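Survey of secondary and tertiary structure
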Amino acid sequence: MPRPGAELGGPPRESGSRAAGRHEPDPRAQAPGAAGQPLITDPAGPPRLSLWLLRPPSAGSPAAARLAVRELDAAELRRAELFVRPTDRVQYLSAHIALRRILSEATGYPPERLRLGREPGPARPHRTTRPVLRDPPLPVHFSLSHSHGLVLIGTAASVVGVDVQRTPTAGAVEVCGPALHPAEWRELLALPEARRPDAFAELWTRKEAYLKGLGTGLGRSPALDYLGAGTDADAPPGPAGWIVRNVPAGPHHAAAAALAVPAEPVVTLRSLPAACLFDGAAGLPLSAAPLLALRRRSSWTLRWSLLERDPPG
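All values derive from a computational prediction rather than experimental measurement.

In this structure, Trp52, Leu99, Leu103, Ile153, Leu272 and Leu277 are the most contacted members of the largest nonpolar core, which totals 31 residues. Look past the residues within four positions of Leu103 in its chain and what remains in contact with it is Leu114, Leu116, Val140, Phe142 and Thr155.

Below is the structure:
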């Protein structure tokens, strides 16, 4: 469901990154990442999507005090201060440190030297444009989302959008459901009432991931595009030129990713330990992030039981 300020670039809008000059490319940008992943800009083979799940440390904990906050720019630090609840502030800081370290791994540039921004576009209420990597000017697309203790980050060589949401209450489904595409709402109403919150969460994350990929966010009406399950007899086709799939996220959340490619991508999902965000020698490399799931040929292979526990890390 919509929630102000929960994601990169959601209200309140960022004023931009700190000024920085161009840098010479780092030779490490030509090598595979330390996590053993192929370059996300590699044109060979099928499309690839790298996803990362993170559970931020608790506010006030020793782990939160060790976060590499120095790697963030002035705009990110200002925005972090806008969060009233310490838990939300730590979640935001963790998400942006993780994003910078993941992009650093993909580009070979130090996290603090990356300049992040947004595509140009009109500033409108509840509308943001896609995030971009301004410097280094490499063709790396990314998206970030966080909700109630879980962060999801996606990187790819094509335009990508990701979304994660905590499973709503039945009452929230009744309030938000009529705003969906009519065929989507009919599909939800056809389900037993007990199943609707989970189904709604999966549907809503698919919709938000797609809208973030478009660069409109919820500035585009949720009723315009069909991202349903295909069970309604009068349902239209889904968005052309996009692959939109749900992502395993544990028993209390739903997640999804949208990728602007015509064919099914190979998707890796990793759990990023909080120690990968620590400053100094105590921090772990991204290679310490275990593989949780792999999606190939339209099916997931899972490395942990979603029914028994939350993802490790």
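When pLDDT is averaged along the protein, the result is 85, and 81% of the positions lie at 70 or above. Confidence drops under a pLDDT of 50 for residues 2–39, and excluding neighbours within four residues, the segment shows 98 contacts in the predicted structure.

The residue after Asp135, namely Pro136, is reached through a cis peptide bond having omega 5°. Its place among the elements puts Pro136 in the loop between β3 (131–135) and β4 (141–147).

Further remarks concern the sheet that holds β4. Across the sheet, which stays open at both edges, the six strands sit in the order β4-β5-β1-β9-β10-β11 with mixed pairing between neighbours. Only two strands of the sheet have a single partner each, and these edge strands are β4 and β11 (299–302). The sheet shows a mean angle of 15° between the axes of neighbouring strands, direction not considered. Looking at chain direction, strand β1 (residues 48–54) and strand β9 (residues 266–272) are connected through seven bridges and run parallel. Directly across from Leu51, in β9, lies its bridge partner Leu269.

Here we come to helix α3 (residues 86–107). Over its 22 residues, α3 extends 31 Å from the first C-alpha to the last, a length consistent with the 32 Å expected when each residue adds 1.5 Å. With 16 of 22 residues buried, α3 is to be regarded as a mostly interior element. Positive backbone phi, at 85°, marks Gly108, one or two positions downstream of α3.

Spatial ordering of the open sheet is given by β6-β8-β7, a layout of three strands whose pairing is antiparallel. In this open sheet, the two strands that pair with only one neighbour each are β6 (160–166) and β7 (243–247). Across the sheet, the mean angle from the axis of one strand to that of its neighbour is 15°, orientation sign disregarded. Where β6 lies against strand β8 (residues 253–259), seven bridges are found, and the strand directions are antiparallel. Bridge pairing in β8 places Asp163 opposite Ala256. Against the sheet, helix α6 (residues 196–214) makes contact with β6, β7 and β8, and its axis sits at roughly 150° relative to β6, the strand it touches most.

Before going further, it helps to spend a moment on the pattern of salt bridges. Side-chain pairing between opposite charges can occur once the charged atoms of the two side chains come close. As enumerated under the stated definition, the model contains 12 salt bridges in all. Where Glu76 meets Arg100, a salt bridge forms, and the shortest distance between an N and an O atom there is 2.9 Å. One end of the pair, Glu76, is in helix α2 (residues 74–80); the other, Arg100, is in helix α3, and 24 residues separate them in sequence. Taken as a pair, Glu76 and Arg100 share a single burial class, namely buried.

On to the environment of Ala275. Inspection of the secondary structure puts Ala275 in the loop between β9 and β10 (291–296). For the pair Ala275 and Pro56, spaced 219 residues apart in the sequence, the C-alpha separation amounts to 9.9 Å. In contact with Ala275, other than residues within four places in its own chain, are Ala282, Gly283 and Leu284.

Tracing the backbone shows Arg295 in strand β10. Arg295 gets classed as buried once you look at its relative accessible area, which sits at 8%. With 31 residues separating them in the primary sequence, Arg295 and Glu264 have C-alpha atoms 9.2 Å apart. Excluding its chain neighbours within four sequence positions, the residues that come into contact with Arg295 are Arg245, Glu264, Pro265, Val266, Val267 and Trp300.

Another aspect to go through is α6. In a regular helix each residue adds 1.5 Å, so 19 residues correspond to 27 Å; α6 covers 27 Å between its end C-alpha atoms and thus fits that length. Burial runs high along α6: 15 of the 19 residues are buried. Downstream of α6 by a residue or two, Gly215 has a phi angle that is positive, lying close to 90°.

Rules used in this analysis
Each chain has its residues counted from 1, following the order in which its sequence is written. Where totals are concerned, whole chains, interfaces and linings use all residues; where local detail is concerned, this predicted model gives features only for residues with pLDDT of at least 70, and gives and counts side-chain atom pairs only at 80 or more. The side-chain values count all of the structure's non-hydrogen atoms but skip hydrogen atoms and water molecules. Take the buried residues of types Ala, Val, Leu, Ile, Met, Phe, Trp, Tyr and Cys, join any two whose side-chain atoms come within 4.5 Å, and each joined set is a nonpolar core. Three exposure classes are used, based on accessible area relative to the maximum for each residue type with a 1.4 Å probe and protein chains only: buried under 20%, partly exposed in between, and exposed over 50%. Should any heavy atoms of two residues lie within 4.5 Å, those residues are considered in contact. The predictor attaches a confidence to each residue, and that confidence, scored 0 to 100, is pLDDT. Elements are defined by DSSP. Helices are runs of H or I of four residues or more, strands are runs of E of two residues or more, and each kind is numbered from the N terminus. In this description, strands pair whenever DSSP reports at least two bridges between them. For helices, the axis comes from a line fit to the C-alpha atoms of the stretch in contact; other axes are also lines fit to C-alpha atoms, and the angle between any two N-to-C directions lies between 0 and 180 degrees. Multiplying one less than the number of residues by 1.5 Å gives the expected span of a helix. Here, a salt bridge means any Lys or Arg side-chain nitrogen found within 4 Å of an Asp or Glu carboxyl oxygen.

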